[in-house]
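Listed below, chain by chain, are the residues.
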Amino acid sequence: MDIIVFGGDGFCGWPTALHLSAAGHNVTIADNLSRRSIDKELKVQSLTPIASIEERVQAWKEVTGKVIDFALLDIARETESLNELLLRINPQAVVHFAEQRAAPYSMRGPTQKRYTVDNNVGGTHNLLVALAEHAPNAHLVHLGTMGVYGYSGNGFSIPEGYIDVEVRDDHGDAHVREILFPTKPGSVYHMTKSLDQLMFQFYAQNDGIKITDLHQGIVWDTQTEETKLDPRLVNRFDYDGEYGTVLNRFLVEAAVGHPLTVHGTGGQTRAFINIQDTVRCIELAIKAPPRRGDKVKILNQIAETLSVIDLAKLVASRTGAEIEFVPNPRAEAAENELVVSNATFRGLGLDPILLDSANLQGTIALSKMHKHRVDFASIPAKSAWNREREQELSDAAQTRKLVA
């Protein structure tokens, strides 16, 4: 297939582009390189040294003989260039990663909140408009998040996108209707993903766009089979308080002798998936599109669920690291249950990599290899969800300073 990967320079987008190219597809990456700019804004760097996008695609050509094209493009602003790209490529599938992906960053302050909404919502809508006009038969595969459903605990397994509800009319007669599973976003970032769902619903029914929306869990690990082929192909590895996913952050903390920072009680249960399974799921989704005119296909892209404290204990058992409880910057329940259905991907043949696997040891080794690149000041979470949480973080920081 001819495939465009929007956001193909990012943490999930880059290994996905390589995986699809290795599978024989003609891949074009479209990216505005904003994630690299945010590194400069936060004064932090990936744990792994990241080559420029030009060096990356050149290395891929040298190692495999396969060509990945690159287009510098901001889909939230450059609509004409977006139209031109779609007309030139005429893709059978487009993969949409081109959104600001960090909940903490989206809560950092007014500027970051506005940017996240403008970039994510505007970019998604621009892409949908462009597809409807210039590539109406393309299959849109979007990376969403399990976080749209919140983490307050529901007492039942979260289905894949839809539920049936019964409503009684004025005469008392019952009517059954299928609706999107209600969202309960926990950050500005998660709110944008919830809004994505409504836009997808509209353009699927109004314009017949074929859409698959993948509600993904927290990604752990950083390398895939393709990114290991050459040092210039290495994927980024975020460990900081804004972008570092919880397990990757724990592994870096363990590597440098920093306690594993567990927010709150650690009773928050989350869904997890390995980065290798992320790229596999994207490929599986591309191969199984809905028909034109069908409702949006929504799949839960997860492997397993685990509480944060149990995750910390797992890392501590492998590394000998200590565990430290710190104030939770998020406005969320102290503890929650989370049961999620992933029946579709299981049915498509996914045999997921689990946390208690040999892959975890490889990520530990990678963390130790690059520990000299760690900035200790970037490890703590600094983005507070509201003023009350901000005060708790400030008080805790002051206490640590006095103790030191």
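Just so it is clear, the structure is predicted and the values come from calculations on it, not from any experiment.

**Some details on the environment of Thr265**
Relative to the helices and strands, Thr265 resides in the loop between strand S10 (260–263) and strand S11 (269–274). For Thr265 and Val308, which are 43 residues apart along the polypeptide, the C-alpha to C-alpha distance reads 8.6 Å.

**Observations concerning a nonpolar patch on the surface**
Together, Met191, Leu195 and Leu198 make up an exposed nonpolar region whose accessible area comes to about 240 Å². On the secondary structure map, Leu198 appears in helix H7 (residues 188–207).

**Regarding the sheet that holds S11**
Spatially, the three strands line up as an open sheet ordered S9-S11-S13, and their pairing is mixed. For this open sheet the edge positions go to strand S9 (218–220) and strand S13 (304–307), each flanked by a neighbour on one side alone. The mean inter-strand angle of the sheet, taken between neighbouring strand axes irrespective of direction, is 45°. Relative to S13, S11 runs antiparallel, the two sharing four bridges. Across the sheet, the residue bridging to Thr269 is Ser307, located in S13. In the packing of helix H10 (residues 308–319) onto the sheet, contacts are made with S11 and S13, and the angle to S13 comes to roughly 90°.

**Looking at the pattern of salt bridges**
Scanning the entire structure with this criterion turns up 19 salt bridges. A salt bridge links Asp238 to Arg101; the shortest N-O distance between them is 2.5 Å. With Asp238 in the loop between S9 and helix H8 (246–255) and Arg101 in the loop between strand S4 (93–96) and helix H5 (103–106), this residue pair connects regions lying 137 residues apart in the sequence. For Asp238, a relative accessible area of 5% puts it in the buried group. In this structure, Arg280 and Asp277 form a salt bridge, with 2.9 Å as the shortest nitrogen-oxygen distance.

**Focus: the layout of surface pockets**
Estimated volume of the second largest pocket: approximately 320 Å³. Taken together, 21 residues make up the lining of the second largest pocket; nearest its centre are Thr222, Gln223, Lys228, Gly362 and Leu366. Sorting the residues of the lining of the second largest pocket by element identifies helix H9 (275–287) and helix H12 (358–369) as the ones contributing at least two each. Examining the composition of the lining of the second largest pocket, we find that six residues originate from one element, H12, more than from any other.

**Observations concerning the sheet that holds strand S1 (residues 2–6)**
The strand order across the open sheet formed by seven strands is S3-S2-S1-S4-S5-S8-S12, and the pairing between neighbours is parallel. The open sheet has two edge strands with one neighbour each: strand S3 (68–72) and strand S12 (297–301). Pairwise comparison of adjacent strand axes, ignoring direction, gives a mean angle of 20° for this sheet. Note that strand S8 (residues 210–216) and S12 share five bridges and pair parallel. Bridge pairing in S12 places Gln216 opposite Gln301.

**Focus on helix H3 (residues 53–64)**
Taking 1.5 Å of rise per residue, the twelve residues of H3 would be expected to cover 16 Å, and the 16 Å separating its terminal C-alpha atoms lies within 8% of that figure. Buried residues along H3 sit against helix H1 (13–22), strand S2 (26–31), helix H2 (34–42) and S3.

**Some thoughts on the nonpolar core**
The biggest cluster of nonpolar side chains holds 41 residues, and the ones touching the most others in it are Phe6 and Leu131. When residues of this core are assigned to their parent elements, the largest contribution, six residues, is made by helix H6 (residues 110–134). When residues no more than four places from it in sequence are discounted, the contact partners of Phe6 are Ala30, Leu73, Ile75, Leu82, Leu85, Val94, Val95, His96, Phe97, Ala98 and Leu127. Counting 32 residues, the second largest nonpolar core, distinct from the first, contains Ile3, Val5, Ala17 and Val95.

**Quick look at the side chain of Thr363**
With respect to the helices and strands, the residue Thr363 is situated in helix H12. In this structure Thr363 touches Asp221, Phe237, Asn248 and Leu251, once residues within four positions along its chain are discounted.

**Points about unusual backbone geometry**
Here Leu33, not a glycine, exhibits a phi torsion of approximately 60°, which is positive. Structurally, Leu33 can be placed in the loop between S2 and H2. Of note in the backbone geometry, Asp221 takes a positive phi value of approximately 75° without being a glycine. Topologically, Asp221 is positioned in the loop between S9 and H8. Residue class for Asp221 comes out buried when judged on its relative accessible area of 6%.

**Structural notes on the state of the cysteines**
Counted according to the given criterion, the structure contains zero disulfides. Its sulfur unpaired, Cys12 is 11 Å from the next cysteine sulfur, which belongs to Cys281. According to the relative accessible area criterion, Cys281 is buried, its value standing at 0%.

**Notes on the environment of Gly161**
Within the secondary structure, Gly161 is located in the loop between strand S5 (139–145) and strand S6 (162–168). Sequence separation between Gly161 and Leu214 is 53 residues; the distance between their C-alpha atoms is 9.5 Å. With sequence-adjacent residues up to four places away left out, Gly161 is seen in contact with Tyr149, Ile179, Leu180, Phe181 and Ile298.

**Examining the packing of aromatic side chains**
In this description, a pair of aromatic rings is defined by centroid distance and the angle of the planes. Within this structure, the stated rule accounts for three aromatic pairs. Ring geometry for Phe202 and Tyr203: centres 5.1 Å apart, planes at 90°, overall edge-to-face. Directly above the ring of Tyr243 sits Arg35, whose terminal nitrogen or CZ lies 3.6 Å from the centroid. Sitting over the ring of Tyr162, Lys295 keeps its end group 4.2 Å from the ring centre.

Procedures and definitions
Residues numbered from 1 in each chain as written. Predicted model: local features only at pLDDT ≥ 70, side-chain atom pairs only at ≥ 80, totals over all residues. Heavy atoms only, no water. Helix = DSSP H or I, 4+ residues; strand = E, 2+ residues; numbered from the N terminus. Patch = residues over 30% accessible without salt bridge, like charges linked within 9 Å, V, L, I, M, F, W, Y side chains within 5 Å. Areas by Shrake-Rupley, 256 points an atom, 1.4 Å probe, with all protein chains shown as cover. Salt bridge = Lys/Arg side-chain N within 4 Å of Asp/Glu carboxyl O. Pairing = 2+ DSSP bridges. Axes fitted to C-alpha atoms, helices over the stretch in contact; angles between N-to-C directions. Contact = heavy atoms within 4.5 Å. Buried < 20%, exposed > 50% of the residue type's maximum accessible area, 1.4 Å probe, protein only. 1 Å grid on protein atoms, 1.4 Å probe; cavity = no way out; pocket = protein on both sides within 12 Å on 5 of 7 lines; lining within 4 Å. Points joined across faces, edges and corners; volume = space filled by probe spheres on them. Expected span 1.5 Å × (residues − 1). Core = buried A, V, L, I, M, F, W, Y, C linked by side-chain atoms within 4.5 Å. Disulfide = S-S within 2.5 Å. Phe/Tyr/Trp six-rings, centres within 6.5 Å; stacked < 30°, edge-to-face > 60°. Lys NZ or Arg CZ within 6 Å of the ring centre and 35° of its normal.

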